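# A look at the structure
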Amino acid sequence: MPKFKKEKKRDNRSNKKAFNEKFAYKTVIKSVIFAGFFFTLSILFNMEIITFFVNLGGLWFIIDIIIKMVAILLFFFFMVISIGNYKELTGRPLDFKLILLMFVLSLLQAFRDPIVFTFTFFGLAIVIIYMFFVQEN
Amino acid sequence: MKRTAIKLIALMFITSLTLSSYLLIINGSGADLEIKPLYGRAPVIDGEIDSSINEWDKAHSVHESLNLYPNESNPENPLLVDLWVMQNGSNLYISIQFDFMHNDFEFVGLLISTNQSENPEDFKDAKIVRFSNISTNEYTYKDYYLNNSIYEEDTNSNGNGAGRIEGIRVIYEFVLPVEYNESDPEDAFLEYGTDEKSGHIFKIIMGDSTNPPSYPEDIRISNNVLIKITYNPLPSDLTQQELLILIFSIIIFGTSGMLYVFYIYRIVKLKERIERIRT
């Protein structure tokens with residue numbers, strides 16, 4: 001009788017582990033899709049393929065800056081989540097080098113516009129700090 | 001695995017750089033007498049260089065110095081002129097500038113050869129700006145063609161020219177259409193080319209004459225320059241700075257994109273690995 005109970009417990013544990021892996025994998029996929037979307041948005045606006053808002057001038061100029069900045073920040077955010085979960089699945093921690101690489105690649109996307117570059121720099125720093133504290137908790 | 005990843009990333013960088021370098025145009029000036037004009041924003045042909053809008057300066061103009069001689073085969077008593085050449089996809093722009101004690105009815109012009117030949121008979125086309133009143137900067141631009149060793153005025157004038165004197169400094173500006181109306185016998189057909197045989201010899205001429213002028217008799221000094229016009233598939237008003245920014249953007253976004261694709265590949269591989277472990 002006790003033997004049977006133990007096997008059931010083991011089954012439950014392995015099922016839970018498989019469920020967690022599945023969930024983590026799904027998160028990796030979802031995050032990378034979101035990151036891809038914001039990366040595309042970043043290409044369109046930061047490569048100045050879409051200059052519609054800039055041409056309108058006035059307040060639209062600020063909206064253009066916000067779109068550029070948000071696209072980069074969310075790309076970074078989702079990529080870090082995705083890579084973090086990917087690393088979790090492989091059993092390795094997300095190291096500082098990868099975060100630095102992501103930081104550089106994200107920041108370089110804003111090189112065309114000094115205003116976007118400056119705000120993105122601080123935005124990325126805030127995202128990293130936020131993620132650090134979330135991780136700590 | 002780590003080594004393979006590094007190799008793959010290095011390969012991506014190299015591919016990205018190679019692809020972006022294909023967008024580069026062959027540019028840069030050659031020798032004193034050979035110019036490959038670069039692309040830039042079209043300047044206004046008015047004899048003035050407006051520095052407030054970086055006219056000519058912002059463009060990829062090729063700045064060369066050229067000596068004009070009374071006798072080209074015996075290069076003595078030269079007049080040094082600044083030669084600026086650029087193109088914008090549809091036109092070729094040439095500016096000639098120099099310091100001189102200017103004479104009334106002074107003129108500067110371009111005799112255009114149909115090819116790289118310096119034979120006088122091959123300079124079938126001429127564009128000349130001639131001052132009619134030097135003190136009030138009044139000038140005329142005229143388009144000529146060679147007819148039995150004499151330059152006669154074209155039936156239909158093509159291109160444009162302007163001149164302006166300020167003190168002893170004079171600025172002449174010309175615009176010539178590129179690959180325009182091949183069938184016109186009165187104009188040299190300027191065409192794109194990249195091979196050794198492509199390009200046209202331009203004879204820069206200067207002189208002065210009383211009314212009515214006669215060419216080539218009234219030409220006082222001259223010299224030849226080979227101009228090779230190349231085709232640029234990029235937007236015609238792209239400046240050098242903008243081109244560099246574009247290349248840099250392609251490298252950055254290209255690298256990020258390739259790393260993104262590589263990461264997706266790793267995710268797919270991970271799924272296969274998980275499924276393998278489970279089974």
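Residues numbered from 1 in each chain as written. Chains lettered and ligands numbered in written order. Predicted model: local features only at pLDDT ≥ 70, side-chain atom pairs only at ≥ 80, totals over all residues. Heavy atoms only, no water.

Okay, the confidence of the model for chain B next. All names here are of chain B. With 82% of its residues at a pLDDT of at least 70, chain B reaches an overall mean of 81. Counting interchain partners and residues more than four positions distant, the pLDDT-below-50 stretch residues 19–31 has 19 contacts. Scored as a complex, the prediction yields pTM 0.54 and ipTM 0.85. (pLDDT = per-residue confidence, 0-100. Contact = heavy atoms within 4.5 Å.)

Between chain A and chain B, the contact holds 26 residues from the first and 21 residues from the second. Counting each side, the surface lost to burial between chain A and chain B is near 2,100 Å², with a carbon and sulfur contribution of 77%. Summed over the three residues of chain A that lose the most area to chain B, namely Tyr25(A), Tyr86(A) and Phe111(A), the buried surface amounts to 29% of that side. Between chain A and chain B we count zero salt bridges in total. At the boundary of chain A with chain B, the tally comes to seven residue pairs in polar contact (both at pLDDT 80 or more). Mapped by element, the contributors of at least two residues to the side of chain A that touches chain B are α1 (2–46), α3 (59–90) and α4 (96–108) of chain A. Per element, the largest residue contribution to the side of chain A that touches chain B is 14 residues, and it comes from α1(A). Each residue belonging to the side of chain A that touches chain B can be placed in one class, and the counts come to 17 nonpolar, six polar and three charged. (Buried area = accessible area lost by both parts, 1.4 Å probe. Salt bridge = Lys/Arg side-chain N within 4 Å of Asp/Glu carboxyl O. Polar contact = N/O pair within 3.5 Å; in protein donor to acceptor, adjacent residues only side chain to side chain. Helix = DSSP H or I, 4+ residues; strand = E, 2+ residues; numbered from the N terminus. Nonpolar A, V, L, I, M, F, W, Y, C, P; charged D, E, K, R; others polar.)

This part is about a nonpolar patch on the surface. Residues and elements named next belong to chain A. Together, Leu-59, Phe-61, Ile-62, Ile-66, Val-70, Ile-115 and Phe-119 give the surface a local cluster of nonpolar side chains, amounting to about 630 Å² of exposed area. Put simply, the parts of the chain that give the nonpolar patch at least two residues each are α3 and α5 (114–136). For the nonpolar patch, the element with the highest residue contribution is α3, accounting for five residues. Tracing the sequence through the fold places Phe-61 in helix α3. Classification of Phe-61 by relative accessible area gives partly exposed; the value is 36%. (Patch = residues over 30% accessible without salt bridge, like charges linked within 9 Å, V, L, I, M, F, W, Y side chains within 5 Å. Areas by Shrake-Rupley, 256 points an atom, 1.4 Å probe, with all protein chains shown as cover. Buried < 20%, exposed > 50% of the residue type's maximum accessible area, 1.4 Å probe, protein only.)

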